[in-house]
Structure formats: C-alpha cells, structure tokens
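Structural features, examined
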Amino acid sequence: MLKSTGLIFVCLLALAGCSSKAVPDSQYVPAGGLLDILKDFQRLAREDLYRFPISKDVTGMNVMKATLLRLEDYEKKNPRRFPDIVAFTKGTAYEKLRDYERALAYYRKVAEQNGRLGEESKQRIAALEAFRQIIETPLSADDPFAYLEALDQKVASWNELVKKYQGTPYEFLARVEEERVDRAKVTFVELNRHRIKNGNDLVIVGYSQLIAKHRQSKNYYRHLIDFGDFYVTLAKDYVAQHDPEGLDFDAAVFDQLAKSALKLYTEVARVDGIVEKIEAQGKIEALRGLTEKVKRLNQ
C-alpha cells in the first residue's frame, strides 16, 4: 500500500515519451511545460522528510512551495489541461508541507474521477484522514498531568502509523509528527517546571529522551542547542538565587551547569555543513563570557 508513488510519477513523466504506436488517454499526456515542473518534484517528493529538510530548487526556494507556484502559473496559461495530474501534484506538495487539509481537498478531487490516479488518491486520503484524526484529538486544558498523558497517547498513535506505513513516505511524515509531539512535551514541562515537583530534573530527563529517540532527525542539532540553552538558564537562575560575591555561592554547582551546556554546544559546533554550527559557536562564546564574569565576581 502506498508504495507505488514513485512509479506513478515515473509513468506520468514517461507518457510524454511514448512511441506513436501507444495511444494513452490524452488527458494524462503532460505537456512539455508540465513535465519540466514534475521532473525534479517527482524525485524529491519521495525524500525522507524526517531525516532531511525539504530540498531547495535551483533558485534556492523550497521545492514544494516552488512547485505550487509553478503549477498555479501553469494553470493560468493552460486552463483545464491535465487537471488530475495538477491536482494530484498539488496534493502531494501540500502533504509534504504538512498542510493536510489542502492535500485532502486536492486528493478528493482526483478520487472523484475514474482516472488512473484515483485509486492512489483514495489510499492517500485514508492515510491523511488517520493523520487528521490524531491531530484533532483534544487535549485537556485544566489538568497538566492529563495534558501530558494526552500527549503520550498522541505519540503512541503516531508510532502506530509509523509501523503501519513503514517503507512509505507516510512513515517519514508520521515520524515528523511524532517528534513534534515529543518536543511539545518537553516544552510544556519546561514552561511549567516551577509548578511541578522536581521540574528541572524532569526537563533534563525529557531533553535526554528526546535526543536519544530522535538521533536520526534533521532537528537533532536543534534539540542539542535547546538542551544547552536550558542548562544556561539553570546556571543563570543559580546566579540570580546565589550571589557570586556572597558566601553561599557554590562555584562547583555553577561550573557543572555551565560545562553541561558547553558540552552540548560543542557537539554541534564541531559538525561541518549544518546551519546550527555558527549559532552554537556564538553560544559558546556567550557562555564563556558568562562564566568569566561569574568567576571574577566569586573571587
């Protein structure tokens, strides 16, 4: 199920090169302009969006957004030509951008027809309906523990879809959604850490679990930086609560928090070719400045 995505696009592109002996349904023979739009999109639409960000086209623009713009332009210049192919491609682009409502709307248009893409669209509709059901599951706004429990249930539901759609692009999308909920859990505990018993320790455990679970994610280094930022927050909190010039300041406590942040920032700063590298380097310098200031005050 849903493993024929690439083959469908390949077949669509190949139709333009069919020999004169072949007589395909004319509504499925893309014009040259449409082929130009689809030739890169059909390959990039199968990429693992959990591990890698959406690719850029030759202009440096998000390829999904660029495809939508080019399809809009194509439709203006070629009204009512190849509507199923255009709608199906738009549905795929919106799906990769996680705009599932718009994706469903376009897939439904295709599924209403009896064309070759109808069956594939129906399968995609079923997958996205499952996505929408999880997303729309309400969360408790009254009890923080009930809220966290509901988030855990969402994580379990996404994990079920990861297994169900293993080996398909929907596995990648489900992992993206699962990671977002895992990150939301950490954020919620971090924002409410002063209201929860052992809140700081729970945040540290949450970040540790997030990083361990999503080590293959494209957001891995972002999570490391955020974790480092939390340790810096704890270090600043300690300084605010214990004057470095006073006698109750424990330099070892501050140093341990600072070193924990430095370790995380350094792991990111050592990796070439990632956008977070420069940010991590800047945070290392800022942390060194804070550490030096506190050291001098404590002397």
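Starting from 1, residues in each chain are numbered consecutively following that chain's sequence as written. Confidence filtering applies because this is a predicted model: local features only for residues at pLDDT of at least 70, side-chain atom pairs given and counted only at 80 or more, and all residues used for totals across whole chains, interfaces and linings. Water and hydrogen atoms were dropped before computing side-chain values, which therefore reflect all heavy atoms in the structure.

Take the overall build of the protein next. Where helices and strands are cited, they refer to DSSP runs of H or I of at least four residues and of E of at least two residues respectively, numbered from the N terminus. Along the backbone of the protein there are 12 helices and zero strands. Reading the protein from its N terminus to its C terminus gives the helix and strand order α-α-α-α-α-α-α-α-α-α-α-α. When accessible area is computed with a 1.4 Å probe and restricted to protein chains, residues below 20% of their type maximum are described as buried, those above 50% as exposed, and intermediate ones as partly exposed. Taking all 299 residues of the protein together, the buried fraction comes to 46%. The contact criterion used is simple: two residues touch if any of their non-hydrogen atoms lie within 4.5 Å. In the protein, the proportion of contacts linking residues at least 24 apart, taken out of those at least 6 apart, comes to 61%.

Turning our attention to the packing of helix H4 (residues 83–96) against helix H5 (residues 100–111). Axis definition: a line fitted to C-alpha atoms, over the contacting stretch in the case of helices. Angles run 0 to 180 degrees between N-to-C directions. Where H4 meets H5, the closest approach of the two axes is 8 Å, and the angle between their N-to-C directions is 160°. As judged from the angle between their axes, H4 and H5 are roughly antiparallel. Of the two possible hands of crossing, H4 and H5 adopt the one that is left-handed. Along the contact surface, H4 presents Asp-84, Ala-87, Phe-88, Lys-90, Gly-91, Thr-92, Tyr-94 and Glu-95, while H5 presents Tyr-100, Arg-102, Ala-103, Tyr-106, Tyr-107 and Val-110. Gly counts as polar in this scheme, as do all residues outside two lists: the nonpolar Ala, Val, Leu, Ile, Met, Phe, Trp, Tyr, Cys and Pro, and the charged Asp, Glu, Lys and Arg. For the contact of H4 with H5, the class distribution of residues is eight nonpolar, two polar and four charged. Note on terminology: angles under 35 degrees are roughly parallel, angles over 145 are roughly antiparallel, angles of 65 to 115 are roughly perpendicular, and the others are oblique. It is the rotation of the near helix from the far one that decides the hand of a crossing: anticlockwise by less than a right angle makes it left-handed, clockwise makes it right-handed.

Below, the discussion takes up unusual backbone geometry. Unusually for a residue other than glycine, Phe-82 sits at a positive phi of about 50°. You can see Phe-82 is positioned in the loop between helix H3 (63–77) and H4. By relative accessible area, which is 7% here, Phe-82 ends up buried. A positive phi angle, close to 55°, is found at Asn-198, a residue other than glycine. As for its placement among the helices and strands, Asn-198 is situated in the loop between helix H8 (169–191) and helix H9 (199–213).

With that out of the way, let us pick up the nonpolar core. What makes a nonpolar core is a set of buried Ala, Val, Leu, Ile, Met, Phe, Trp, Tyr and Cys residues whose side-chain atoms join them at distances within 4.5 Å. Among the nonpolar cores identified, the biggest contains 78 residues, and Leu-34, Leu-128, Phe-131, Leu-161, Tyr-170 and Phe-254 are the most heavily contacted of them. If one sorts the elements of this core by residue count, helix H10 (residues 220–241) sits on top with 11 residues.

Their axes nearest at 9 Å, the elements H5 and helix H6 (residues 118–135) cross at an angle of 150°. As judged from the angle between their axes, H5 and H6 are roughly antiparallel. Crossing handedness for the pair H5 and H6: left-handed. In this structure, H5 contributes Tyr-100, Glu-101, Ala-103, Leu-104, Tyr-107, Arg-108, Val-110 and Ala-111 to the contact, and H6 contributes Gly-118, Ser-121, Lys-122, Arg-124, Ile-125, Leu-128, Glu-129, Phe-131, Arg-132 and Ile-135. Taken together, the residues of the contact of H5 with H6 break down into 10 nonpolar, two polar and six charged.

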